[in-house]
Amino acid sequence: MLPAVLVAAASPALPVGTGPATAATAQPDAPYSLDATVSPAPLTDCGTDVLCRLMDLPSGGDDWSYLQNELTLAGGRAQAAVVDASGTVVTPAVPATVLLREGTYSVTLPLKLPPNVNLRGASIKTTAIKIDDSAPWSNFSYNFMVRPSVNIDLDNPDPSPGSVNAVSDLTLNGRCIKGKGAYSETGSKEPTILDTKSGCESDATTQNNAGGGLKAGHRWTIQQVRFTNFNYFRLWVIKTRDVHIIDNRWDNWGGAGSGDEDNIGGGSGNTGTVIEHNQFDQTIRGNTFDFTHAENVTFRNNKVVANRYYADLRKVAGYGSVYLESVVGGTVSDNDLKGANIVLDSNSGYLHEGENLDVTNTRDVVVTRNRIRDTFNTAVTANYDDYTNGPAHTRYPGGNNTITDNVITNTAKSAILINGSNTADKNAPDTITGNLITNVGLDTSSTSYSGYDHVGIAIGIGNGDKVHHNTIVDDQEWPTTWYGMQIGSSGSDKIAVTNIQLTDANGEGWNVTSRTLGGQRKYGAFAALAPTNLTAPNGAFTWSESVPQDPSKYSPIAGYRVYRNGVEVASYPVGSPVIPGNLLTAAQSGFESGVAGWTLSGGTVAPKTGDAAIGNGSMLVTTGATARTVTANGPAVPVTAGATYTSVASYKAVTSGGRMVRAGITWRDATNKALGQVAVPTNKYTFASTGNWVTSSYAFVAPTGAVKAEPFLVIDNSFANQQHLIDRVGIVAGTNTEGWTDGAWAPGNRYQVVAYRASDSQASMAATVIG
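From a predicted model like this one, the values you see are computed outputs, not experimental measurements.

Colleague: I keep staring at the sheet that holds strand S50 (residues 603-609) and nothing clicks. Help me out?
Modeller: Paired through backbone hydrogen bonds, the strands of a sheet run either parallel or antiparallel to each other. Taken in spatial order, the 5 strands of this open sheet run S50-S51-S59-S54-S57, and their pairing is antiparallel. Each end of this open sheet is capped by a strand with a single partner; those strands are S50 and strand S57 (694-701). Between one strand and the next, the sheet's axes are offset by a mean angle of 30 degrees, whatever the strand orientation. Sheet analysis places strand S51 (residues 617-623) next to strand S59 (residues 723-733), joined by 4 bridges and oriented antiparallel. Bridge pairing links threonine 622 to glutamine 723 in S59.

If you want it as structure tokens, here you go:
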């Protein structure tokens, strides 16, 4: 039984066949609103505050000179804080206020706020500042509409110790598209989406990296500000201390345009930033939030809505993500994220210079009590890495991140992923506990991501990580969750999972898994490669043979499983009973009625019953009195020069195992002259065993003049008198040697095929096709 509170919090199951493309718009949300949630009412006038000045109405022209002059004068009225020698505030600052009236003020240059000056409007809906239509973008190159008048640099002393500033109760409009973005109760809630690189009005006149919204200073509070219609970063927080971003709004209503930079961006050592109670509308573009090099960041009680409709219009895979890159210490909690995902990462992907010469992996971050649903990607990812090609540098490992008590529903890929590039990039265990995960892998265009199946929790790197008390369920009619958990990557041998703790200290709290396709847990290291070339015309399925991923960790393919709409419908130990398109007859391929047409160079062949890969009959191959490589040669079939053909055969050792076995082809011309014999050059994947059958296949282009081909089956370095069995032999045009026919085939059905290993039945990633 799931705790009632978690059942209530989980989103309802999606209709059959629903993926993130529709999920992101199918479930209604509490509407995005400019109304304050935790903020006080705006000022209506200055009252008796002698440090406050009420501005004139907007002029209808350029208001920059007037506003900047008043801000500068306000800096003279403000009372600075008194601090002692240690920087502790003894007497707090008393800021002065510049209060704007209702209307839209235009500026042609950035407004610079002196320390201890507040810039306030009549309300987020009625007061706006916009970049004037006549202002060249060069006036705002790498710059912002509102910014500090002093330079912020953590390497130098605080230019105004104890200062405080606030920007509140207004809209900032970046003029990405002229005349757009104004708020109206009855106006359009849709953006303008232009097919230009910048997304703004004209690439010819829109300068990249120009026209940002607000750059914060030390101890700034940004509250009840609407950010819209920007070509550049909307809110920039860099090298600051104790910035508070509360109850703001981001949208592109009123036909606004948008560049693809972050809605909140920055880093460079900023510390103590708190981002809370903000709302990000589905019309935003770019990441919700991305800090690189920051400490003690808090992102809580925010609401983000992103959906596939706008992603498709903008021709992007997704948007709205929350990124913490090279962040040390922080909390991401109590957020409601739809479409968006959370990523803890390093800074290795940036240009390797300056602050990004060295690599810092994120650590000591808590991700808790978030509701995450309908994501474009994995819901929560922690990635640990470093760059290897570049200048000498220092790498700082990450870890000790906690992902707990989140409710995650309907993700495109996995719910939680812990990944990395090298074991040394992480030196402290992560904790993943108490998460409720429902329905992962809704992106049915693929079933894997970076070496992981679509699973509830995937962990590929770490020593001593704690993963327990999680619940992973799939309540869809057509399940898409492959496993509750994957331990180990299927794509890299440079990372590993050791000493993982799957219960708490009392031995309790095993993860609960329900209705997954593959079971509770998968150990991903060196799993088989997925079947390839899966096709299904009208329910006649074919695919190529799978092979083990890493020969050094050799474990042969034992067989295949087929799933229809999340339910296993076929299981083929060794391979399919019929080789699709086999040019050999059933008798020549399966040896059910003898071994006519077959010979062995270096020994003898004979029929065998009671031990077969398929059916009851096989061919017994006995090496002669001299140890040697032996080759079985079969009946000829017609071929066309220049076409691709594949030879396939299954082998089993009788007396002793360990010999390499290989499938190949002998080509012949019209005079029966041999044009060559080809076989898998060095088959690292198929060694004969007495315990199970193994299959070898080899594709080759028929040479010029070839009209016939014969099976050419090799057993390398066979001992004297050693015996092997051969069965399920074929030559096919093309590459597909496995097949299955669905009598219940219907358009829209989702089919998946996995290969599984002989040693432990661990499955490959799935190959997928939609009927």
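Colleague: For this particular structure, what's the right way to read the layout of surface pockets?
Modeller: The gaps of empty space that remain are located by a probe, the size of a water molecule, rolled over the atoms. Estimates place the volume of the largest pocket at around 450 Å³. In terms of lining, the largest pocket is formed by 28 residues, of which the most central are Asn287, Ser321, Tyr323, Asn341 and Asn377. Going through the elements one at a time, strand S23 (342-345), strand S27 (380-384) and strand S32 (416-420) are the ones with two or more residues in the lining of the largest pocket. Taken together, the residues of the lining of the largest pocket sort by class into 10 nonpolar, 13 polar and 5 charged.

Colleague: Is there a simple way to think about empty space enclosed by the protein in this case?
Modeller: As enumerated under the stated definition, the model contains 3 cavities of 30 Å³ or more in all. Estimates place the volume of the largest cavity at around 80 Å³. Taken together, 14 residues make up the lining of the largest cavity; nearest its centre are Pro115, Val150, Ser163, Asn165 and Trp220. Looking at the second largest cavity, its volume works out to about 40 Å³. The wall of the second largest cavity is formed by Phe227, Thr228, Asn229, Phe230, Arg234, Trp250, Asp251, Asn252, Ser258, Asn263 and Ile284.

Colleague: It is not clear to me how unusual backbone geometry should be interpreted in this structure. Could you clarify?
Modeller: For residues other than glycine, phi is negative in most cases, and the peptide bonds are mostly trans. With a phi angle near 60 degrees, arginine 369 is a residue other than glycine that sits in the positive phi range. Assignment of secondary structure puts arginine 369 in the loop between strand S25 (363-368) and strand S26 (371-375). The backbone phi angle of phenylalanine 591 is positive, close to 60 degrees, even though this residue is not glycine. Mapped onto the elements of the fold, phenylalanine 591 is located in the loop between helix H5 (586-590) and strand S49 (599-601).

Colleague: Sorry if this is basic, but what is going on with the state of the cysteines here?
Modeller: By definition, a disulfide links the sulfur atoms of two cysteine residues through a covalent bond. Scanning the model with the defined rule gives 2 disulfides in all. What pairs with cysteine 46 in a disulfide is cysteine 52, and their sulfur atoms sit 2.0 Å apart. On the sign convention where negative means left-handed, the S-S torsion of about -55 degrees between cysteine 46 and cysteine 52 marks this disulfide as left-handed. Considered together, cysteine 46 and cysteine 52 belong to a single accessibility category, that of buried residues. Each sulfur in the disulfide pair cysteine 176 and cysteine 200 lies 2.0 Å from the other. Taking the torsion about the sulfur-sulfur bond, which here is approximately -115 degrees, the covalent link between cysteine 176 and cysteine 200 counts as left-handed. Of the two residues, cysteine 176 sits in the loop between strand S10 (165-173) and strand S11 (212-215) while cysteine 200 sits in the loop between S10 and S11, which places them 24 residues apart along the sequence. Counting its disulfide-bonded cysteines in sequence order, the chain shows a connectivity of 1-2, 3-4.

Colleague: Before we go on, may I ask you to explain the environment of threonine 378 in this structure?
Modeller: Relative to the assigned elements, threonine 378 resides in the loop between S26 and S27. Here the alpha-carbon distance between threonine 378 and alanine 412, two residues 34 residues apart in the chain, equals 6.4 Å. A polar contact is formed between the side chain of threonine 378 and the backbone nitrogen of serine 414, at a distance of 3.5 Å.

Colleague: Help me understand the environment of alanine 412, please; the structure alone is not making it clear to me.
Modeller: Among the structural elements, alanine 412 can be located in the loop between strand S31 (407-411) and S32. Alanine 412 sits in the buried class, given a relative accessible area of 1%. Along the primary structure alanine 412 and phenylalanine 376 are separated by 36 residues, whereas in three dimensions their C-alpha atoms are 5.3 Å apart.

Colleague: Which parts of the structure should I look at to understand the side chain of lysine 130?
Modeller: Mapped onto the fold, lysine 130 is located in strand S8 (residues 127-131). At 3.4 Å, the side chain of lysine 130 and the side chain of aspartate 133 are in polar contact. Sequence-distant contacts of lysine 130, that is, excluding residues within four places in its chain, are made with Thr104, Tyr105, Ser106, Val107, Met145 and Asn173.

Thresholds applied
- Sequence order as written defines residue numbering, which begins from 1 separately in each chain.
- In keeping with the predicted nature of the model, local features appear solely for residues at pLDDT of at least 70, side-chain atom pairs appear and are counted solely at 80 or more, and the whole-chain, interface and lining totals rest on all residues.
- Note that water and hydrogens are dropped before the side-chain values are worked out from all heavy atoms of the structure.
- At least two bridges found by DSSP between two strands are what make those strands a pair.
- Helix and strand assignments follow DSSP, with helices taken as H or I runs no shorter than four residues and strands as E runs no shorter than two, numbered in order from the N terminus.
- Orientation is described by axes fitted as lines to C-alpha atoms, over the contacting stretch for helices, and by angles from 0 to 180 degrees between their N-to-C directions.
- Definitions used throughout: a 1 Å grid over protein atoms alone; a cavity as a set of points that fits a 1.4 Å probe which cannot get out; a pocket as an open set with protein on both sides within 12 Å along at least five of seven lines; a lining residue as one with an atom within 4 Å of a point.
- Grid points are joined across faces, edges and corners, and a volume is the space filled by probe spheres set on the points.
- Residues are grouped as follows: Ala, Val, Leu, Ile, Met, Phe, Trp, Tyr, Cys and Pro are nonpolar; Asp, Glu, Lys and Arg are charged; every other residue, Gly included, is polar.
- The definition used for a disulfide is geometric: two cysteine sulfur atoms within 2.5 Å.
- Only protein chains enter the accessibility calculation, which uses a 1.4 Å probe. A residue is then buried if its area is under 20% of the maximum for its type, exposed if over 50%, and partly exposed in between.
- N or O atoms closer than or at 3.5 Å make up a polar contact, with two conditions inside protein: a donor-capable atom paired with an acceptor-capable one, and, for residues adjacent in sequence, both atoms drawn from side chains.
- Any pair of residues with heavy atoms lying within 4.5 Å of one another is described as a contacting pair.

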